[in-house]
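Residue strings, one per chain:
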Amino acid sequence: MKMTKSATRRRLPLRASAASLSAVAMVIAACGGSSGGSGGSSGGSTPPSTEVRLQSLSSPEKMTSGDDTLVQVAMADDSPVTGVSIRLNGTDVTAKFQKASKGNASLGLLTGLNRGDNLVEVNDAGGEGKLRASLKLTAYPVQGPILYAPQEPSFHCQTDTFNIYPGGPTLTSGPNNDPNCAAPTRVDWVYHDATKAGTAVWQPYDPAKPPANVELTTLQDGTKVPYIVRLETGVINRGIYQLAVLGDPVKNPNPTPLNPPAGFNGKLVYPFGQSCGSGWYVQGRVMGPVGGSAASSNGTAGDNNALNDLPLSQGFAVANSTLNYFGQNCNHIISAETMMMVKERFIKANGPVLYTMGWGNSGSAMQQSMIADTYPGLLDGIVLLNGFPDNTSPASVEGRLFYNYQLNHTKTGTTQNATYAPVPNTAYDPSYDNATAAARLSDPTLVTWTNSELAAASGYSTYHSIRQQASFWAGRTDSVLRPINAGDRDNVTAGTGNSSVFSAVIGTNEKYSPANVVASAPMGKLPAPPVSALPANPNGLRPNVSDHNKNTLGVEPTGFGRSYTANVGLQYGLNSLNTGQITMAQFIDLNKKIGGQDIDGNMSTERMQPDLEGLKNAYQTGMIMYGGAGLAQTAVLNLDNLNNEFSGAGDLHLKFFHYMIRARIAAATGSFDNHVMWNGVANIPAFKQDPNANHATPVQAPRPAMTGRQLVGQQKAFAAMDQWLTSLANDKSSTPLKTKVVKSKPTTLVDGCFGATTAGAADDFIAEPQVFGGFNTVFIKGNGSKSPAGTVGVSATPSRCNAMAPASSYPRFDAGEPMTGRTMQCQLKPVNAEDYDGYAAANPGWVGVQRTADLAALSAVFPTGVCDFTKPGMQEQPLAGTWIQITGLNQRKIGHPLTVAP
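Draft legend 1. Spotlight on the packing of helix H5 (residues 395-409) against helix H7 (residues 451-458). Running from N to C, H5 and H7 point in directions that differ by 150°, and their axes come no closer than 11 Å. The orientation of H5 relative to H7 falls into the category roughly antiparallel. H7 is crossed by H5, and the crossing has right-handed handedness. For the pair H5 and H7, contact is made by Phe402, Tyr405 and Gln406 and by Asn451, Leu454, Ala457 and Ser458, respectively. Its residues assigned to classes, the contact of H5 with H7 shows four nonpolar, three polar and no charged.

Draft legend 2. Main features of the packing of aromatic side chains. All told, the structure shown has 23 aromatic pairs when counted by the stated rule. Between Phe587 and Tyr836, the ring centres sit 6.0 Å apart and the planes meet at 65°, which makes this aromatic pair edge-to-face. Of this pair, Phe587 sits in helix H12 (residues 584-593) while Tyr836 is found in the loop between strand S29 (828-829) and helix H20 (837-842), placing the two residues 249 residues apart along the sequence. For Tyr836, a relative accessible area of 0% corresponds to the buried category. With centroids separated by 5.3 Å and ring planes inclined at 70°, the aromatic side chains of Phe754 and Phe765 adopt a geometry described as edge-to-face. Residue Phe754 is located in strand S27 (residues 752-754), and its partner Phe765 is located in strand S28 (residues 765-767); the two are separated by 11 residues in the primary sequence. The exposure class assigned to Phe754 is buried, which follows from its relative accessible area of 2%.

Draft legend 3. Examining the nonpolar core more closely. Counting 131 residues, the largest nonpolar core has Leu147, Tyr375, Phe656, Met819 and Tyr836 as its most contacted members. Per-element accounting of this core gives the leading share, nine residues, to helix H3 (residues 332-350). Excluding residues within four positions of it along the chain, Tyr375 makes contact with Leu147, Ile333, Ala336, Trp883 and Ile884. Counting residues in hydrophobic clusters, the runner-up holds 24 residues, among them Leu310, Tyr355, Met357 and Val681.

Draft legend 4. Here's a closer look at the pairing of strand S31 (residues 881-888). The buried count for S31 comes to seven of eight residues, which makes it a mostly enclosed element. In the sheet, S31 pairs with strand S32 (residues 891-897) via six bridges, with the strands oriented antiparallel. Looking across to S32, one finds that Ile884 is bridged to Ile894. Between S31 and S32, which follow one another and run antiparallel, lie two residues, and Asn890 among them has a positive phi close to 55°.

What counts and how
- Residues numbered from 1 in each chain as written.
- Predicted model: local features only at pLDDT ≥ 70, side-chain atom pairs only at ≥ 80, totals over all residues.
- Heavy atoms only, no water.
- Axes fitted to C-alpha atoms, helices over the stretch in contact; angles between N-to-C directions.
- Helix = DSSP H or I, 4+ residues; strand = E, 2+ residues; numbered from the N terminus.
- Parallel < 35°, antiparallel > 145°, perpendicular 65-115°, else oblique.
- Left-handed = near helix turned anticlockwise from the far one by under 90°.
- Contact = heavy atoms within 4.5 Å.
- Nonpolar A, V, L, I, M, F, W, Y, C, P; charged D, E, K, R; others polar.
- Phe/Tyr/Trp six-rings, centres within 6.5 Å; stacked < 30°, edge-to-face > 60°.
- Buried < 20%, exposed > 50% of the residue type's maximum accessible area, 1.4 Å probe, protein only.
- Core = buried A, V, L, I, M, F, W, Y, C linked by side-chain atoms within 4.5 Å.
- Pairing = 2+ DSSP bridges.

Okay, here's the thing in structure tokens:
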């Protein structure tokens, strides 16, 4: 292990993509007679000088962290750089530049930058040479902030629990009291030992005593090299980062941009960590795994933090940070900021990269799509596993509303506690279920619902998706630690695993609890009282996305982060009503009683009201991902990777989110040629019909179990994205990036799904356009939404892929929202009988007195009106621009305002 200077004192790496670098470079043409020219005579007898191009390879958008930056000087005609002098803030630094290993450009790692603005100038050599090019850079602290200020307080260090490699030391041996959680940067060498299992495949390498069993790995060009990895670990932007790349500890222990690691193929993979709804206010102690390797522990491959076998074994480099794990930091701007700075560190240490590929599952997919759209150039291509467009979906909250409706307002439906896996709480008290079930069954005022009818009205394919959303996923958004069996909830939706999820390093005395907290309350009473397992602490830390993004969203008068979720006017179950899956009586009762929840997550009889300021800020800053900015010119490969519609367990990771990403790109740009989707990339057991499925769902044909599919799919996705991005990087034409992205896509990379035959067989992949739908026609009749063309199925007969792996809906789509899913609060219109044309067609007797009475009842349920999805939602708007800097509470700078045609 070799110690280097603390990352708080010196930073080294990153590289922006060609797209963003073109914006960074400030080039002054040196043609005769032009401004900044090299002095051609007025008669033009002196030939014009070749244009000089000056750019920072490591610092996008003229923002650099620390006191150094990697700069490139090149001639427009690709000739060698000669006859120039280079200055940094007036000091000659020409000697720092050397010809790059490839091409004729010259590279120089410029150190000693001043905090704030710095000026790099290229002049003709000698004396008062004419200015040929200049570049202004702004240097920020290596621990930030750059994009998100001020930094979040109550930030807990975890360097003493972060293991450098499996079985290795922690970054610091004891607690870290540095205000930025900084620690000395270190370099370790590890090797891959195929004779080991799990994370033990990574062993420390001692150059003085080389082990005998170092594995050989095959690079992309077929070369075999020892599988030895250089692993750099330190702290940047308060997060723990790691850089991993194949290397030689003897011949090149300390690579530089002019002497990069020999085994490095020039391509960088940046995996992001999953989740959102746990951790909070911490530095973090883990990173997101890549997966996709046959000998692994984080899934199946021995991966540990940045030690990811799939890319490293082929010569790719990996960079990552604990603040790129949404389970520890659910803020897309902090994630982008951290990724930018870590990538910068990599480039300054190892040299320019050909491209950067994003990769990851679930919450990592959120980060990739949000960062790609708002901060274009940081990621050239993204691979989304179980993808989401952003971290703002109300699906889980609305799952809780459906579940609460069942528990308190219906008869005959059973909550079926503990009948599915995973069971969020092992402790089970059946008294609530049994007592309320008996009371509900004997109450003549309650409407009868079956679990399948509830599934239909929610849009989910199975009732258990409602329950899983309510009990686990929505519970993780709570701001309050609930005791088990808290008054407004079924027993599975409270306790340390399912509400107010904090890291263990956060003390109880720091956690929020309402001022008027009560320890318990009668079950099933609404509006729910503020039940909490903790004593009152109204100024404590709140673990939710709104409070974690206060600077972006702004704050309410209470000091809490502004909300961006509302449900006024939503006609839950509208599509199910119009397709004959529920009755008008059920529809009216559901919408009358479904209610909402307050800012603490307590159930309420009232719908959730919109915070217009919070909504506006969420749209403008990309918290509600747009899709028409940077994402529209990014290579995107979207994989389902799970098959929860069939599991009977229910889950948040459902296919409609994948189609939602596509729909947003299509709605904003009119096409989605840069977006490829694969389905059926999942390991699933033999299919068994779920008895709690939507009752209108046709019986699916039995199918054998699919094993090994996920591994094969991930490996194929990695190879396909590499081929795509390599072709894109090698396109040096002046064609617009969006056009080049589509042009560079391999002809073999198309939409499709994997079949149920032998894993890896040639006929496994069905090439077919992927559109939302599949269970039956319930999603294409009665919804009435204006979803973008090519994103929703329009045929009564499912496609081959959708027949085999159909996708469920979700509450807002069933209520009429377009597939884009960006409308957090709809605009309203009066109750109109035309909304129920499907119901009227199927029920010819719905006329006269009954029709009048039902419409009057609906008008009473919706006194301010129902959703009008032909119009944009309240405050719904495109992203304000790209490269946004949050400079204070509800204050921002827009790097590049977005111009959108009316």
